[in-house]
Structure formats: structure tokens, C-alpha cells
Amino acid sequence: MGPHPAVAAIRLAVRRVLHDILTDHSSRSSHSRTTGERAGERVGGRIGARLARPVGGIPAIPEIPEQTPNERTPSPLVLVACSGGADSMALASALAFEAPKLGIRAGGITVDHGLQAGSDLRAEEVALRLRELGLDPVESITVTVGRDGGPEAAARDARYAALDTALERHGGTAILLGHTRDDQAETVLLGLARGSGIRSLSGMAAVSGAGGRYRRPFLQLDRQTARKACMVQALPVWDDPHNADPAYTRSRLRHEGLPALEKALGKGVVEALARTAQLSRDDADALDTWASQAEASVRDAAGLLECAKLYALPPAVRRRILRRAAIEAGAPAGSLFARHIEEVDRLITGWRGQGAINLPGKVVAQRQGGRLVIRQG
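1. Regarding the sheet that holds strand E5 (residues 138–142)
Sheet strands pair by backbone hydrogen bonding; their relative direction is either parallel or antiparallel.
Thought 1: Here we have 6 strands laid out as an open sheet, ordered E5-E4-E3-E6-E8-E7, and mixed in their pairing. Among the strands making up the open sheet, the edge pair consists of E5 and strand E7 (207–208).
Thought 2: The sheet contact formed by E7 and strand E8 (residues 214–215) spans 2 bridges and is antiparallel. Opposite valine 207, over in E8, you have arginine 215 as the bridge partner.
Thought 3: Each of strand E4 (105–112) and E5 is contacted by helix H3 (residues 119–132), which is oriented at about 170° to E4, the strand it contacts most.

2. Some remarks on the environment of serine 88
Thought 1: As for its placement among the helices and strands, serine 88 is situated in helix H2 (residues 86–98).
Thought 2: Look at serine 88 and you get buried, because its relative accessible area is 7%.
Thought 3: Separated by 130 residues in the primary sequence, serine 88 and phenylalanine 218 place their C-alpha atoms 9.8 Å from one another.
Thought 4: For serine 88, the side chain forms a polar contact with the main-chain nitrogen of serine 83, separated by 3.1 Å.
Thought 5: Side-chain polar atoms of serine 88 contact the backbone nitrogen of glycine 84, separated by 3.5 Å.

3. Thoughts on unusual backbone geometry
Backbone geometry follows two general trends: most residues other than glycine have a negative phi, and most peptide bonds adopt the trans configuration.
Thought 1: Note the cis peptide between aspartate 136 and proline 137, where omega equals 10°.
Thought 2: Mapped onto the secondary structure, proline 137 falls in the loop between H3 and E5.
Thought 3: Phi at alanine 234 takes a positive value of approximately 60°, unusual for a residue other than glycine.
Thought 4: Positionally, alanine 234 belongs in the loop between helix H7 (223–232) and helix H8 (249–265).
Thought 5: In this model, lysine 362 sits at a positive phi of 60°, which is unusual for a non-glycine residue.

4. Regarding the nonpolar core
Thought 1: Ranked by internal contacts, the top residues of the largest apolar core, which has 35 residues, are Leu18, Leu95, Leu135, Leu176 and Phe218.
Thought 2: For this core, the secondary-structure elements that each account for two or more residues are helix H1 (5–42), strand E3 (77–81), H2, H3, strand E6 (174–176) and H7.
Thought 3: Residue contacts for phenylalanine 218: discarding those within four places in its chain leaves Ile10, Ala13, Val14, Asp87, Ala90, Leu91, Gly178, His179, Thr180 and Arg181.
Thought 4: Counting residues in hydrophobic clusters, the runner-up holds 25 residues, among them Leu313, Val317, Ala326 and Leu372.

5. Comments concerning the packing of aromatic side chains
Thought 1: Overall, the coordinates contain 1 aromatic pair when judged by the stated rule.
Thought 2: Above the ring of phenylalanine 97, the side-chain terminus of arginine 11 is found at 3.5 Å from the ring centroid.

6. Observations concerning the packing of helix H5 (residues 181–194) against helix H9 (residues 269–295)
Thought 1: In the contact formed by H5 and H9, the axes pass within 8 Å of each other and the chain directions differ by 70°. Judged on the interaxial angle alone, H9 and H5 are roughly perpendicular. Once H5 is placed against H9, the crossing between them reads as left-handed. Between H5 and H9, the residues in contact are Arg181, Asp182, Gln184, Ala185, Val188 and Leu189 and Val270, Glu271, Leu273, Ala274 and Ala277, respectively.

7. Overview of the sheet that holds strand E11 (residues 363–368)
Thought 1: Judged by pairing direction, the sheet is antiparallel, and its 4 strands sit side by side in the order E9-E12-E11-E10 without closing on themselves. Of all the strands in the sheet, the pair left with one neighbour each is strand E9 (305–306) and strand E10 (357–359).
Thought 2: As paired elements, E9 and strand E12 (residues 371–376) share 2 bridges and run antiparallel to each other. Each residue of the ladder has a partner; that of glutamate 306, found in E12, is arginine 371.
Thought 3: This element, helix H11 (residues 315–328), spans E9, E10, E11 and E12 of the sheet and lies at about 35° to E12.

8. Some points on the state of the cysteines
A covalent bond bridging the sulfur atoms of two cysteines is what the word disulfide describes.
Thought 1: On inspection of all chains with the given rule, the structure shows 0 disulfides.
Thought 2: Unpaired in this structure, cysteine 230 has its nearest cysteine sulfur neighbour in cysteine 82, at a distance of 8.7 Å.

9. Re the pattern of salt bridges
Thought 1: If you walk through the whole model with that rule in mind, you get 26 salt bridges.
Thought 2: As a salt-bridge pair, arginine 199 and aspartate 285 come within 3.0 Å of each other at their nearest N and O atoms. Taken together, the residues arginine 199 in helix H6 (residues 198–201) and aspartate 285 in helix H9 connect sequence positions 86 residues apart.
Thought 3: In this structure aspartate 285 comes out as partly exposed when scored by relative accessible area, which is 37%.
Thought 4: We note a salt bridge from glutamate 295 to arginine 299, for which the minimum N-O separation is 2.9 Å.
Thought 5: Residue class for glutamate 295 comes out buried when judged on its relative accessible area of 10%.
Thought 6: Taking the relative accessible area as the measure of exposure, arginine 299 reaches 24% and is therefore partly exposed.

10. Concerning the side chain of threonine 225
Thought 1: Mapped onto the fold, threonine 225 is located in helix H7.
Thought 2: Residue threonine 225 is classed as buried on the basis of its relative accessible area of 19%.
Thought 3: Separated by 2.7 Å, the side chains of threonine 225 and aspartate 222 make a polar contact.
Thought 4: Setting aside anything within four residues of it in sequence, one finds threonine 225 in contact with Ala6, Ala9 and Ile10.

11. Looking at the pairing of E5
Thought 1: Direction of pairing for E4 relative to E5: parallel, over a ladder of 5 bridges. Paired with aspartate 112 across the two strands is threonine 142, which belongs to E5.

About the cut-offs
- Residues numbered from 1 in each chain as written.
- Predicted model: local features only at pLDDT ≥ 70, side-chain atom pairs only at ≥ 80, totals over all residues.
- Heavy atoms only, no water.
- Pairing = 2+ DSSP bridges.
- Helix = DSSP H or I, 4+ residues; strand = E, 2+ residues; numbered from the N terminus.
- Contact = heavy atoms within 4.5 Å.
- Axes fitted to C-alpha atoms, helices over the stretch in contact; angles between N-to-C directions.
- Buried < 20%, exposed > 50% of the residue type's maximum accessible area, 1.4 Å probe, protein only.
- Polar contact = N/O pair within 3.5 Å; in protein donor to acceptor, adjacent residues only side chain to side chain.
- Core = buried A, V, L, I, M, F, W, Y, C linked by side-chain atoms within 4.5 Å.
- Phe/Tyr/Trp six-rings, centres within 6.5 Å; stacked < 30°, edge-to-face > 60°.
- Lys NZ or Arg CZ within 6 Å of the ring centre and 35° of its normal.
- Parallel < 35°, antiparallel > 145°, perpendicular 65-115°, else oblique.
- Left-handed = near helix turned anticlockwise from the far one by under 90°.
- Disulfide = S-S within 2.5 Å.
- Salt bridge = Lys/Arg side-chain N within 4 Å of Asp/Glu carboxyl O.

Laid out in C-alpha cells, this is it:
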């Protein structure tokens, strides 16, 4: 008899992601070895493939020398970020089960944000559970949460900074995150409320971060599946009271907003929002590529943006170029909103001699002699 359907679902999702990680890791390692072999060939040909003699006109086939144990590519290390909640505990259990079968090392990281009494003890409990699952290395990291962008954004920034540092410290390849389809739906609605454009509606990517270090295996699974998988495996889980605190926007959306939408529109809202995220991401990626390719054509010999050429571009492409230029000038991406870019865009499409536009990060956008100058003020 096989595992419970919920357990089978989470394991399959993790197995697929681990296969992708292993493929990427092997490809990078192969590229590194090939580069080394070519360098060896240039200094005497002692490293790399030797060519066997052709037989009967058949082209020679490279003879790849066997690797010694010291030359073999080390197995990748994959970490799971675990809060102790149902989603991340289910993810940790699936990683612990699947990774050894693929020859992948598996570890875990839990982050103590220090926002609740006893959070340090709870983090140690989570670390203990991860070790009991067989994960190694396991680390509990305490962070200091700032205030920039509000409590939720500040906690997220501190958490990701800690995860990035931990991955580099342990020499890991990737970190698995337990975001589910429900989390994706909430993210899309939050983006819709901000009115920040199609990129905000694209939600969370299945692969993100520098070098694709963050992987989200559960984006196609609902939250209930993860919770059920924990229950049938007798995995203890911790329900963060912040997730039910109406002081937090995401909590209100989860417990009030989405249920109201499902009541008004019927079941299937979460699935539809998750599908919207993927379609929006595909569109946004295509527009980003278009903007990247078009940017060189709208700059003059000095590298300044030409207003007439910008005006000829579709608005979605033009505004992406303007946003990128503002960020390159020093405007923080997280503080640069659609309204800022719209004001800069009016220097192109609604020019009436208006003055400079002040942007976050003390960046100024100004039209001068048919050119758009974006620089530090």
C-alpha cells in the first residue's frame, strides 16, 4: 500500500524540483570541468578527453578519462527554510525522504525573528524536529527585524538576508520554500490592491533569487494538502498567531478577503488567481525582454534617453525602460511605485515644460533638450 495521497503529492512535487536542481548542478559542474579540460589542453593536453584512432572511416570518439574520487562532483546541498508551520514541515519531511534517493544532501534552516515571547525556544524546537527527520546541517538563526516598509516587509527582508547568508556559509545549492497555491493567490490580490501593474499580478516565481537559489515546490498544491500530509505523518506543527492577527494585511486577506470572494464568486477563486499569476508572469517576462532589447535603440551616443524614440514605443515597454533607468540611477526598487513611473512618463508623453520629477533615493528625472536625464539630485 502506497503513502497517503497528500504525502504522495508533496513528495512528487519535491522530487520534481530536486531533479531540476540536480540537472542544473550537473550542468554547471560539467561546464566547469570542460573549461578546465580546455585549459589543460592548451598547456600540454594532459587534462581532458583523448581521441581514439578512427576505425574504418568512423570518426574518432572522445575517450573521457575516469574521474578519481577527488575529481568527482560533490553532491549538491539543498536546504529547507522551515518555520515549524504545516507548509514548511510538510516540505521538510518530503525533502528528507526524497533527497537521499537522489544522492542529494539535505539540511534545514529556521529563522527566529524575535517578534514574539519565547520565539527562541520555538526556533530550537523546530531545529530539533528537522534533525529528527534526518536533515543535516540544521541551523537556527536569530535576526533583527527593522521597520522599513512595514512589519511584514521588514521581517521578510531580514529572513531572506539570513537565508542567503546561511546558503553561502554551508556551500548550499538551493533553498526550498513552502509557499502554496493559497499563498500565491493572496500575493496576486495584494499586488492587485497596490495597482503596480502586471508584474505584481505575477505573484511568486517557482524559481527566484541569485542563480535560481530559491525554489517553491508547492505553488501548485493547496495549503490543506500540506496540513493533511503533516497530520497523517504525525508531524507536530506550530500555527503562528501572526497568521491570524487582523493587524496584518495578509492575515485579513486570508481570513476575510478570500472567503468573501469565494462566497460571492464560488469555489475555484484560489486556483484562478494562481493561474492568473502564471499567465501574468509569462506576459511580464516577454515585455521585460522586449524592453531590454529596445533600450539600446532609444539612447543616443552619450547614452542619454531620447524622448522622441521613447514616445514611439508601446507604453508597457517604455515604462519598463524608465523604471530600469531610475533604478540604475539609485532609486530603490522596493520604493519605486507605478505612480512614480507614470509621472516620469508624462515627461515623454505630456510634455508642457514641467519641472523635474523627484523619485525615491534622491533621484531626479528631468527633460533637457529632447533628452530624458535621470540622475542623483
